[in-house]
Amino acid sequence: MQRARTKTAATTAKTADKHVLYQLSVQAPDVDVPFFARYFKRLTGRPLRVFREDFCGTALLCCEFAKHHRDNLAIGVDIHGPTLSWAKRHNVSTLEPNAQARVQLIQDDVRAVTEPAADLTAGLNFSYSIFKTRPELLDYMRAARRALKDDGVFMIDAWGGSDSLAEMEDVRRIRANGQRFTYIWDQAKFDPISHNSVCKIHFAFEDGTALRNAFTYDWRLWTLPELRELMTEAGFADVHVLWEGTDRDTNEGNGIYRRVKRGDADPAWIAYVVGRPS
């Protein structure tokens, strides 16, 4: 006798876990970890074994890095205790015991943690933008430099283009891991004088419900010249930009980053700023 198939309940605003939705919408650790490993080896000539993610949130990237090689150590630093607790329950706990032991999560200000020294430190998802003044961001970059090995690498991502200056929404439908929902990136406010930017993430579901303001970010939108200058002032050498290429068919980013001296005047672009201790 054939068993009836059990239908998966549709995700709604009441049943949704905002951290799961964020991971499905924003993160791609299976792409990021190999990219970081390749680029680190290209710069240093040795394998990447100690990776630190500042503002790590749910530590999904740290967990992927620990899985990538049996000698990999991942360090995640975040000041928000409840999110780190979620990370331990939902992400770290899913790893094999050996890999779990190689994920170290630290609840603290990213500027206060200097050990263990990392091969590569990444500040991703533009989270460093919480630092709205030059002294604050410079303090963070100097702290990141102190926490690196002598031949280490520091990387932050950046975004810009004319679209980043507009108050607008970007809407994408997500179909992943059995979940169906709509991801809404809401650039709610932008001040051209201070470059302060308030952005929000909302999620909408097929039953008509919505999870509004699941995440809210009060940031300063930093420019690439500012980031490069601050990184140099913090003591980094060989400060350079990795620019994302464009897919000819979709005219959108293709996920391939190359070192460049000049960028394109795209309405929306993503890049990495990279430096090494002098």
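Please refer to the structure higher up on the page.
A short tour of the structure in this document, coming up.

Criteria and cut-off values
Residues numbered from 1 in each chain as written. Predicted model: local features only at pLDDT ≥ 70, side-chain atom pairs only at ≥ 80, totals over all residues. Heavy atoms only, no water. Buried < 20%, exposed > 50% of the residue type's maximum accessible area, 1.4 Å probe, protein only. Helix = DSSP H or I, 4+ residues; strand = E, 2+ residues; numbered from the N terminus. Contact = heavy atoms within 4.5 Å. Salt bridge = Lys/Arg side-chain N within 4 Å of Asp/Glu carboxyl O.

With that settled, the discussion passes to helix H4 (residues 81–90). When H4 is considered as a whole, its buried residues turn out to be Gly 81, Thr 83, Leu 84, Trp 86 and Ala 87. Against helix H1 (18–26), strand S2 (73–78) and strand S3 (103–107) lie the buried residues of H4.

Turning our attention to the pattern of salt bridges. In the structure shown here, the tally under the stated rule is 12 salt bridges. Arg 111 is the partner of Asp 109 in a salt bridge, and the nearest nitrogen-oxygen pair spans 2.8 Å. When the shortest N-O distance is used, the salt bridge between Arg 220 and Glu 226 registers 2.9 Å. In terms of burial, Arg 220 and Glu 226 fall into one category: buried. Among the ionic contacts, a cluster of salt bridges with common partners joins Arg 46, Asp 119, Lys 149 and Asp 151.

The step from Glu 115 to Pro 116 runs through a cis peptide bond, and the omega angle for that step is -10°. With respect to the helices and strands, the residue Pro 116 is situated in the loop between S3 and strand S4 (118–123). Residues other than glycine seldom take positive phi values, yet Ala 59 does so here, at roughly 60°. Inspection of the secondary structure assignment puts Ala 59 in the loop between strand S1 (50–54) and helix H3 (60–68). With a phi close to 50°, Asp 238 is a non-glycine residue in the positive phi region. Turning to its location among the elements, Asp 238 is positioned in strand S10 (residues 236–246).

By the secondary structure assignment, His 19 is in helix H1. Classification of His 19 as buried rests on a relative accessible area of 12%. Residue contacts for His 19: discarding those within four places in its chain leaves Thr 58, Thr 83, Trp 86 and Phe 215.

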